[in-house]
Amino acid sequence: MAEFLDRSFRQEFSVGASLKGKTLEELTVLLDSWGEKPFRAKQIYNGLYANRYESWEQFTTLGKDLRQRLQDSTSLTKLNVVKHLKSVDGTQKFTFESVLGSGKEFESVWIPSGDGGRKTICISSQVGCTLNCKFCATAKLPYQGNLKASEIVDQVLQVESIVGDKATNIVFMGMGEPMHNYFNVMRAANILHDPEAIGLGAKRITISTSGVVNGIRRFIERKEPYNLAISLNHPDPIGRKEIMDIEEKFSLSELIEAAKDFTKVLKRRITFEYVMIPGVNMGEEDAKKLVRIARKMDCKINVIPLNTEFFGWRRPSSEEVEEFLRRLEPAGVPILNRRSPGKDINGACGMLASKS
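What you see is a predicted model, and the numbers here were worked out from it, not measured in a lab. (Residues numbered from 1 in each chain as written. Predicted model: local features only at pLDDT ≥ 70, side-chain atom pairs only at ≥ 80, totals over all residues. Heavy atoms only, no water.)

**Observations concerning the packing of helix α2 (residues 24–33) against helix α3 (residues 38–49)**
And step 1. Contact geometry for α2 and α3: axes closest at 8 Å, N-to-C directions at 135 degrees. Viewed along their axes, α2 and α3 adopt a mutual orientation that is oblique. The crossing of α2 and α3 is right-handed. Touching Leu-24, Leu-27, Thr-28 and Leu-31 of α2 are Pro-38, Arg-40, Ala-41, Lys-42, Ile-44, Tyr-45 and Leu-48, all from α3. (Axes fitted to C-alpha atoms, helices over the stretch in contact; angles between N-to-C directions. Helix = DSSP H or I, 4+ residues; strand = E, 2+ residues; numbered from the N terminus. Parallel < 35°, antiparallel > 145°, perpendicular 65-115°, else oblique. Left-handed = near helix turned anticlockwise from the far one by under 90°. Contact = heavy atoms within 4.5 Å.)

Shown next as structure tokens:
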């Protein structure tokens, strides 16, 4: 099977890249090229993800010679923790640096629910972002590239190791646009989902997009099992274009059609994320248009009070939020106010990469 190793895969192993982020199939191909049996690949796969081993000495089911070859040819490097902040509400934010020490930094957030039953890790898929959503701090950073699957998976492994607990949910809602790093994101999600690896249920993993329609179409065609969330933020194309430049490439009408197809083809509910900005997208007419969109498909709406202060915008008052929620009631769909855990450490929605 060694002939099926693609060029990038060979190059990665030629420089001793980390095995984290590798699938069972890839490990099987590698071990086969070394003359090893397939079950060895599964032992390594389980050790990496299920057992969370961090040194080759821990892989006691492998022979000494194989462990030495793995140590000489590959690595188990992990992300460098540059900063670790803790909020008064239990949220924790982690700033990581690429394993190559390139100076590229990205962030992840540990978000426990008030009762401790739900423990979510919000992870990044890119360093910076290619898009310019005006309410988002990440958009102010220069785009420095996609994260590898190994770096995406290792965010979860490192956060869980440091906090001493396991996540119940993973959301790809950190820095970057997941659909612009589609295959690394899905490879990482598959490892997070695989019962032989991290073992999270598909319904506990959410991929978020600002509205990359061709990525959503690919998601539907490949019948990805994960939840999908769309960062909508305005129900009118003109208003949406003012705050999200992606509207210039993928129109709101295209996006809504793709969302409808998601619910029709995959038979699953889609989530609309809506950052509430007073004077921008919380008016009575905005609410009516959002209701009309929601009625067209099986969806739910997560509303999020604005957390940044760009362009003179401000966070809505509790009274303004309640009024907006009341106006959305005719939609007849589940509506959740996500509030803003971790705001004091710049770990809330839209704040990643803000200075602390």
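Picking up where we left off.
**Some points on the packing of helix α5 (residues 149–163) against helix α6 (residues 182–193)**
Geometrically, a packed helix pair is captured by the angle between its two axes and the distance between the axes.
And step 1. It is at 8 Å that the axes of α5 and α6 come closest, and there the two elements cross at 40 degrees. One way to sum up the angle between α5 and α6 is to call them oblique. Crossing of α5 against α6: the hand is right-handed. Counting all contacts with α5, which are made through Ala-149, Ile-152, Val-153 and Val-156, the residues of α6 involved are Asn-184, Val-185, Arg-187, Ala-188, Ile-191 and Leu-192.
And step 2. For the contact of α5 with α6, a count of residues per class yields eight nonpolar, one polar and one charged. (Nonpolar A, V, L, I, M, F, W, Y, C, P; charged D, E, K, R; others polar.)

**Some points on the domain arrangement of the chain**
Where interface size is quoted, it is often the accessible area lost as the parts come together.
And step 1. One can read the domain layout of the chain as domain 1 (1–73) and domain 2 (80–345).
And step 2. Inter-centroid distance (C-alpha atoms) of domain 1 to domain 2 is 33 Å.
And step 3. Contacts between domain 1 and domain 2 engage 13 residues on the former and 15 residues on the latter.
And step 4. Summing both sides of the interface, domain 1 and domain 2 together bury roughly 1,200 Å²; the carbon and sulfur share of this comes to 51%.
And step 5. If you look at where domain 1 meets domain 2, you find four salt bridges.
And step 6. For Glu-26, the salt bridge goes to Arg-187, with nearest N and O atoms at 3.0 Å.
And step 7. In terms of residue count, α3 provides more of the side of domain 1 that touches domain 2 than any other element does, five residues in total.
And step 8. Among the residues forming the side of domain 1 that touches domain 2, the class breakdown is four nonpolar, three polar and six charged. (Domains from an automatic or database assignment. Buried area = accessible area lost by both parts, 1.4 Å probe. Salt bridge = Lys/Arg side-chain N within 4 Å of Asp/Glu carboxyl O.)

**Structural notes on the UniProt feature "binding site: S-adenosyl-L-methionine" (unreviewed entry) in the chain**
And step 1. Taking the numbering used here, the UniProt-annotated feature "binding site: S-adenosyl-L-methionine" (unreviewed entry) corresponds to Gly-176, Glu-177, Ser-208, Ser-231, Leu-232, Asn-233 and Asn-307. Checking the annotated residues one by one, the ones that line the largest cavity turn out to be Asn-307.
And step 2. Structurally, Leu-232 can be placed in the loop between β9 (227–231) and α8 (237–243).
And step 3. A relative accessible area of 0% places Leu-232 in the buried class. (UniProt positions renumbered as here; feature names shortened; annotations may be inferred. 1 Å grid on protein atoms, 1.4 Å probe; cavity = no way out; pocket = protein on both sides within 12 Å on 5 of 7 lines; lining within 4 Å. Buried < 20%, exposed > 50% of the residue type's maximum accessible area, 1.4 Å probe, protein only.)

**Description of the packing of aromatic side chains**
And step 1. In this structure the tally under the stated criterion is nine aromatic pairs.
And step 2. With 4.7 Å between their ring centres and 45 degrees between their planes, Trp-56 and Phe-59 make a pair best called tilted. Across the pair, exposure class does not vary: Trp-56 and Phe-59 are buried alike.
And step 3. On the basis of an interplanar angle of 75 degrees and a centroid distance of 5.3 Å, the ring pair of Tyr-182 and Phe-183 is categorised as edge-to-face.
And step 4. By the ring-pair criterion, three or more aromatic residues cluster together here, those being Tyr-53, Trp-56 and Phe-59.
And step 5. Of note, Arg-218 hangs over the ring of Tyr-182, and the distance from its end group to the ring centre comes to 5.0 Å. (Phe/Tyr/Trp six-rings, centres within 6.5 Å; stacked < 30°, edge-to-face > 60°. Lys NZ or Arg CZ within 6 Å of the ring centre and 35° of its normal.)

**Quick notes on the side chain of Ser-150**
And step 1. Relative to the elements of secondary structure, Ser-150 occurs in helix α5.
And step 2. With residues up to four places along the chain from it excluded, the contact list for Ser-150 reads Lys-20 and Gly-21.

**Examining empty space enclosed by the protein**
If a probe the size of a water molecule is rolled over the atoms, the empty space left behind becomes visible.
And step 1. Enumeration according to the criterion identifies one cavity of 30 Å³ or more in this entry.
And step 2. In this model, the largest cavity occupies a volume close to 40 Å³.
And step 3. Around the largest cavity, the lining residues are Phe-135, Val-275, Ile-304, Pro-305, Leu-306, Asn-307, Cys-349 and Gly-350.
And step 4. Its residues assigned to classes, the lining of the largest cavity shows six nonpolar, two polar and no charged. (Points joined across faces, edges and corners; volume = space filled by probe spheres on them.)

**Concerning the sheet that holds strand β10 (residues 270–276)**
And step 1. Pairing in this open sheet of ten strands is mixed, and the strands run β1-β2-β3-β4-β7-β8-β9-β10-β11-β12 from one edge to the other. The open sheet has two edge strands, β1 (80–86) and β12 (335–337), and neither has a second partner. Across this sheet, the average inter-strand angle for adjacent strands is 20 degrees, counted without regard to direction.
And step 2. In this sheet, strand β3 (residues 105–112) lies alongside strand β2 (residues 92–97) in antiparallel orientation, the contact comprising six bridges. (Pairing = 2+ DSSP bridges.)

**Considering the UniProt feature "domain: Radical SAM core" (unreviewed entry) in the chain**
And step 1. The UniProt record annotates "domain: Radical SAM core" (unreviewed entry) at residues 115–344.
And step 2. For residues 115–344, the helix share is 35%, the strand share is 17%, and the end-to-end C-alpha distance is 20 Å.

**Concerning the environment of Asn-181**
And step 1. Tracing the backbone through its elements, the reader meets Asn-181 in the loop between β7 (169–172) and α6.
And step 2. When the C-alpha atoms of Asn-181 and Leu-325 are compared, they prove to be 34 Å apart, with 144 residues separating the residues in sequence.
And step 3. A polar side-chain atom of Asn-181 sits 2.9 Å from the main-chain carbonyl oxygen of Ser-125. (Polar contact = N/O pair within 3.5 Å; in protein donor to acceptor, adjacent residues only side chain to side chain.)

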